[in-house]
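Okay, here's what each chain looks like letter by letter:
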Amino acid sequence: DGWGFSMEASRQLTENVKLRGSFLAEQRGSEQQFGDKRATVGLVYTNNDGTWSAHVDGLWFDGQDCSLSDKHYGVQAVASAKAGMGTVRVTASYLGRTADEVAAAYDIPVTENLVISPALRYTTDENGNNGETTAMIEARVHAGAAPKAVK
């Protein structure tokens with residue numbers, strides 16, 4: 001019921017720090033203009049041996065979703081560390097005047113292109129009410145070859 005596009009770019013600033021950004025625009029149904037627009041900008045730090053990393057992203061969005069009216073920003077911080085056969089990932093998110101969330105997951109590589117992640121999330125609304133804990137198992141599939149650096 002629509003079409004859109006997204007783009008993502010990154011730039012290595014130092015040996016350990018990368019700047020990244022993304023933008024998405026989507027037109028739905030019979031709309032004549034892009035009704036949903038989203039952008040992120042963030043920094044990623046990876047230690048020298050690659051055993052842990054952290055990133056923080058600022059979020060901006062402007063959409064037609066009635067639950068997002070007058071809510072245009074957020075922030076997300078993530079830390080991950082290799083542990084055993086997988087990676088532990090901890091996330092804290094804030095969606096402006098909407099909700100806060102803390103999550104933890106353990107990413108287990110099954111094949112080169114498949115990762116299974118048991119996860120636990122705790123979410124509260126804008127007033128700190130209605131705390132909800134959710135347990136889930138996510139599966140992520142990477143289709144295609146690993147991206148190559150553009151020079």
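Scroll up to find the structure.
Read on for a plain summary of the structure. (Residues numbered from 1 in each chain as written. Predicted model: local features only at pLDDT ≥ 70, side-chain atom pairs only at ≥ 80, totals over all residues. Heavy atoms only, no water.)

A tally of regular secondary structure across the protein chain gives zero helices and nine strands. Along the protein chain, helices and strands appear, N-terminal first, in the series β-β-β-β-β-β-β-β-β. Out of the 151 residues belonging to the protein chain, those deemed buried represent 19%. Across the protein chain, the fraction of contacts at a sequence separation of at least 24, relative to all contacts at a separation of at least 6, is 28%. (Helix = DSSP H or I, 4+ residues; strand = E, 2+ residues; numbered from the N terminus. Buried < 20%, exposed > 50% of the residue type's maximum accessible area, 1.4 Å probe, protein only. Contact = heavy atoms within 4.5 Å.)

A separate point is the sheet that holds strand β9 (residues 132–141). The antiparallel open sheet is built from nine strands, whose spatial order is β1-β2-β3-β4-β5-β6-β7-β8-β9. Single-partner strands in this sheet number two, and they are β1 (2–12) and β9. Between one strand and the next, the sheet's axes are offset by a mean angle of 15°, whatever the strand orientation. As paired strands, strand β4 (residues 52–62) and strand β5 (residues 73–83) are joined by nine bridges and run antiparallel to one another. Counterpart to Ser-53 in the pairing with β5 is Ser-80. (Pairing = 2+ DSSP bridges. Axes fitted to C-alpha atoms, helices over the stretch in contact; angles between N-to-C directions.)

With the rule as written, the count across this model stands at eight salt bridges. Note that Lys-37 is salt-bridged to Asp-62, the shortest N-O span being 3.8 Å. Taken together, the positions of Lys-37 in strand β3 (residues 36–46) and Asp-62 in strand β4 put the pair 25 residues apart, joining distant regions of the chain. Its relative accessible area of 29% is what places Asp-62 among the partly exposed residues. Its salt-bridge partner being Glu-138, residue Arg-89 comes within 3.8 Å of it at the nearest N-O pair. Taken together, the positions of Arg-89 in strand β6 (residues 86–95) and Glu-138 in strand β9 put the pair 49 residues apart, joining distant regions of the chain. One network of salt bridges, with partners in common, ties together Arg-89, Glu-101, Asp-107, Arg-121, Glu-138 and Arg-140. (Salt bridge = Lys/Arg side-chain N within 4 Å of Asp/Glu carboxyl O.)

With respect to the helices and strands, Ala-139 occurs in strand β9. In sequence terms Ala-139 and Ile-108 are 31 residues apart; their C-alpha atoms lie 9.6 Å from each other. Excluding residues within four positions of it along the chain, Ala-139 makes contact with Leu-114, Val-115 and Ile-116.

Within the secondary structure layout, His-55 lies in strand β4. Reaching out from His-55, the side chain makes a polar contact with the side chain of Arg-20 at a distance of 3.1 Å. Setting aside anything within four residues of it in sequence, one finds His-55 in contact with Arg-20, Leu-43, Val-44, Gln-76, Ala-77 and Val-78. (Polar contact = N/O pair within 3.5 Å; in protein donor to acceptor, adjacent residues only side chain to side chain.)

Below, the discussion takes up the pairing of strand β7 (residues 99–111). When β6 meets β7, the two strands line up antiparallel, connected through nine bridges. Residue pairing across strands places Ala-92 opposite Val-102, the latter belonging to β7. Two successive antiparallel strands, β6 and β7, enclose a turn made up of three residues, where Arg-97 displays a positive phi of approximately 55°. When β7 meets strand β8 (residues 114–125), the two strands line up antiparallel, connected through 10 bridges. Bridge pairing in β8 links Pro-109 to Val-115.

Functional significance is not addressed by these values, which are geometric in nature.
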